[in-house]
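Architecture at a glance
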Amino acid sequence: MRLRRAATLLAAMVARGLTLLAAASVMIFLAAEALPGDAAEVRFGGRATPEQVAQIREAGGLDRPPHARYLDWLAGTLAGRPGHSYVTGRPVADLISERAPVTLLLAGAALALACPAMPALAWLAVRGPRRLRPVITVLVVGGAALPQVVVAAGLVALLSAAWGLVPPVSLLPAGAAPWQHPHLLVLPVLTLALPSAAYGAALLRGVFADVAALPFVRDAELRGLSSLAVLLRYVLPMSAAPLARLLAVISGGLVAGTAVAETLFGLAGLGELLVTAVGVRDIPVVQAVALLATAVVVCGLLAADGIARVTTGARA
Amino acid sequence: MHFPLRRRLVAAGLAAAFLTGCSATSASAPTATPKNAAADTFRYAAPGSPTNAATDPHGLLPGESDLVRMALTYDVLTLPGPGGQTLPRLATSWQPDPGLTRWRIAIRGDAAFSDGRPVTAADALFSLRRMGEKAAENFGRTAMFDLAASKVIDDTTFELVTRKPYAEVGKALEGATFVVPEGSTDFTRPVPGSGPFRPAGGTAQAALFERNDSWWGPRPPSRRIEVRAVPDPQARGQALLSGQADLAGGVPATLVKQHQDNPVIQVVRRPGATLYPLVMRTDAEPFDDVRVRRAVRLALDRKQLLDVTFLGFGEIGNDLLTPKDPSAPTGLPQRSRDLARARALMSEAGLKDGVDVTLRSTTAYPGMDTAATLISRQLGEIGIRARVQLAPPDTYFSTVYGKEPFYVSYLGGIPFLDVVRVALTPDSPTNETAWKDPAWAAALDKALAEPDEARRRALLGDLQARLRDEGGYAVWALSDRLDLAGKGVTGLPEGIGFSAGFIDQVKLGG
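Residues numbered from 1 in each chain as written. Chains lettered and ligands numbered in written order. Predicted model: local features only at pLDDT ≥ 70, side-chain atom pairs only at ≥ 80, totals over all residues. Heavy atoms only, no water.

Focus on the overall build of chain B
A tally of regular secondary structure across chain B gives 15 helices and 20 strands. Relative to its length of 510 residues, chain B is compact, with a C-alpha radius of gyration of 24 Å against a globular reference of 24 Å. Across its three principal axes, chain B shows a C-alpha extent of roughly 80 × 60 × 40 Å. Buried residues in chain B amount to 58% of all 510 residues. In chain B, once contacts between residues fewer than 6 apart in sequence are set aside, the share between residues at least 24 apart is 70%. Working note: accessible area of chain B is about 19,800 Å², and carbon and sulfur atoms make up 53% of it. Computed over 59 positive and 57 negative side-chain charges, the inter-centroid distance for chain B is 4 Å. (Helix = DSSP H or I, 4+ residues; strand = E, 2+ residues; numbered from the N terminus. Rg over C-alpha atoms; globule rule 2.2 N^0.38 Å. Buried < 20%, exposed > 50% of the residue type's maximum accessible area, 1.4 Å probe, protein only. Contact = heavy atoms within 4.5 Å. Areas by Shrake-Rupley, 256 points an atom, 1.4 Å probe, with all protein chains shown as cover. Lys, Arg positive; Asp, Glu negative; His and termini not counted. Charge placed at Lys NZ, Arg CZ, Asp CG, Glu CD.)

The following block contains the structure:
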């Protein structure tokens, strides 16, 4: 009986995930469609005659109505063929698989740093040394508001220009896998991780403060349990659901948000691909990358829901 | 700065290559130390985007990295020389009939594609025809040729027919006429080429090339070249400064200013590479009056524009669109600011009380927005109240370029006849100044039908001089193309435009 209920729940979750993805794909398509100009116009802007532009549009199927292009794209993607780039004619799947390792490594490393940093900072802001609390709060809120460009510039100035620890750009040698050159990843990973950690900590601070005010947590503190023990034994488990949701959002943000770090440090990853593809109106590429990032967030949110159900369900 | 880990890996990789016998005839000493081994790969951080990386040599080559990759892989028919002269490459001679419409092009007999097939005249004509089919993507580079009427004569000769008498066929074949095997259809990957290097893998961002030891031309000094497409100019410069590249193309002037005296790098300046001409449509008010166009040219403070927009890295303009072209007129007086004369011209044009206009620009290239702001301020002094409006870089070329009556344009080191084809004949796709003067067009045909080179150049020069005084362009400055190279790097290409893309003779220093 219990197994059947779990299966129904799982099916409902998957259905919800797919609905979310479908809605997102329509929104991404409409947003890209709303941009002025299409691939043919942007690519040959001004330098080709209108007849030549029309010819290119026809050859690329750009002259067909939007809904037909969307449905074509959807059918292709469901069949595992996300189509070809309007600009280079290369398969979108190739473009993505070439770049996914860099971005996944950057996002993964940034997440690995941000994951422990978020609760640690949040807890320091709530139960750290009394004098430090406002300082940490300011750092966390300020850090969350800092644009990546500023973080990157600061890190370059400090780690590269002043101390000479790592190079200011991260060009990967031809044929080398990104993980073979860890020192080249320091700056981009920190650029991604620091604002994410600050953002996460800023949100968690409130959650932790609420949990810390619960009677049995106060009780544990009065019993003389160390701050770390209180965090690990009471606060973290109690905050599991919001923590999981936060991680889901941050992971998606990291996958989609590598654009700035990749461009500044000269790495060819998915973020850089997305930004350039938007610039040249390469809709199939935009769709695929944006949908991938959305899928990460949706999967994460579903997992978070699952966790929330398990933790609250256990008590119900 | 040193990054020993990286060095060791590269050295190890190359040592392995040596052991497997990839380089039996390396130019460096046989007892190569790891440092020498690493120095076998020349790394170029070139302007371009890994996302748009082109694989078709006959289509649009959006970035310089694309041109560089093609120029390593494929042979071209002729090459632009540093002084503007045409150099033979795969084509060894180009001889016209007396009417200048039927040209015999002879190609080398000793070039071979990487699959072993010899390069023939049929391959060359096939490649030109393919360029003709892709006219929309390459801005009609072969528009002067009647390719259907052209024909192969024998293995090393073909006849190229021009639509009108056209004396500059050598020049028309310069730079981008990449020759591929006849019948090639799938260009999603490189097809066999006969160029100085061969593609040897790499990633989306960095393409690796190995020397083609059976190339007919001068033996390239570098065994391997790595071409990296790096979109951000600052990142390209930093890559060189931190030892991750041996040559960085197109770096910001600010960076060059900071590192001018750095002893471990050399600054390479290529004069006249880029201009941001001010475009005035000659069929739109108030610029349809030639007196207003003259007033604008006299109102510009060229020195200030050069110093602020290009940080002084360049020279002031004399309203010539292609001053580095060998046919550019010489001996013209430098045009300079004359506000009194400009105001008088405005009065003569009936605009004593001034006029309101919108000046469009963008941030697509560094300083284009600054230039517009300065121009607007300078024109204010003769009563032209120009409101600056910026278009986003990705829509500028489809909504402003070639459409609006008054804007800051972009031109990158292309020869006079290329500008003519794209922008100055009545049916040019981007006749942005609406320059449709029939007398000028007739004089152009006459110049191109002139077989004597000196006389032809003089005629072409006259055309440019007339355009300078009456046309719709104000060319206030030319900026240098700024590259950074490691100390001791030699064999860098000279010149601007296509010639900058040929890096097969680059060599690392000691």
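Focus: the pattern of salt bridges
Residues and elements named next belong to chain B. Following the criterion strictly, the structure yields 44 salt bridges over all chains and no others. Across the pair aspartate 289 and arginine 291 runs a salt bridge, and its minimum N-O distance is 3.0 Å. Residue classification places aspartate 289 among the buried positions, given a relative accessible area of 18%. Overall, arginine 291 belongs to the partly exposed group, its relative accessible area being 30%. Salt-bridge contacts for arginine 466 lead to aspartate 437; the nearest nitrogen and oxygen are separated by 2.4 Å. Here aspartate 437 lies in the loop between helix H13 (416-424) and helix H14 (438-448) and arginine 466 lies in helix H15 (residues 453-470), a separation of 29 residues in the sequence. We classify aspartate 437 as partly exposed; its relative accessible area is 21%. Sharing partners across several salt bridges, the network here consists of Arg302, Asp319, Arg335, Arg468 and Asp469. (Salt bridge = Lys/Arg side-chain N within 4 Å of Asp/Glu carboxyl O.)

Describing the interface of chain A and chain B
Taken together, the 47 residues of chain A in the interface contact 41 residues of chain B. Overall, the association of chain A and chain B removes approximately 3,700 Å² of surface from exposure, summing both partners, and the carbon and sulfur fraction of that is 62%. One can count zero salt bridges joining chain A with chain B. Residue assignment for the side of chain A that touches chain B shows that the elements contributing at least two residues are helix H2 (39-44), helix H3 (50-59), helix H5 (92-127), helix H8 (182-212), helix H12 (259-265) and helix H13 (270-279) of chain A. Partitioning the side of chain A that touches chain B into residue classes produces 24 nonpolar, 16 polar and seven charged. (Buried area = accessible area lost by both parts, 1.4 Å probe. Nonpolar A, V, L, I, M, F, W, Y, C, P; charged D, E, K, R; others polar.)

Description of the sheet that holds strand S5 (residues 102-107) of chain B
Residue and element names in this part refer to chain B. What the four strands build is an open sheet, ordered S4-S5-S7-S6; its pairing is antiparallel. Both edges of this open sheet fall to strand S4 (91-96) and strand S6 (151-154), since each of them pairs with a single strand only. The mean inter-strand angle of the sheet, taken between neighbouring strand axes irrespective of direction, is 25°. Along the sheet face, helix H4 (residues 121-133) touches S5, S6 and strand S7 (157-161) and points at about 25° away from the line of S7. (Pairing = 2+ DSSP bridges. Axes fitted to C-alpha atoms, helices over the stretch in contact; angles between N-to-C directions.)

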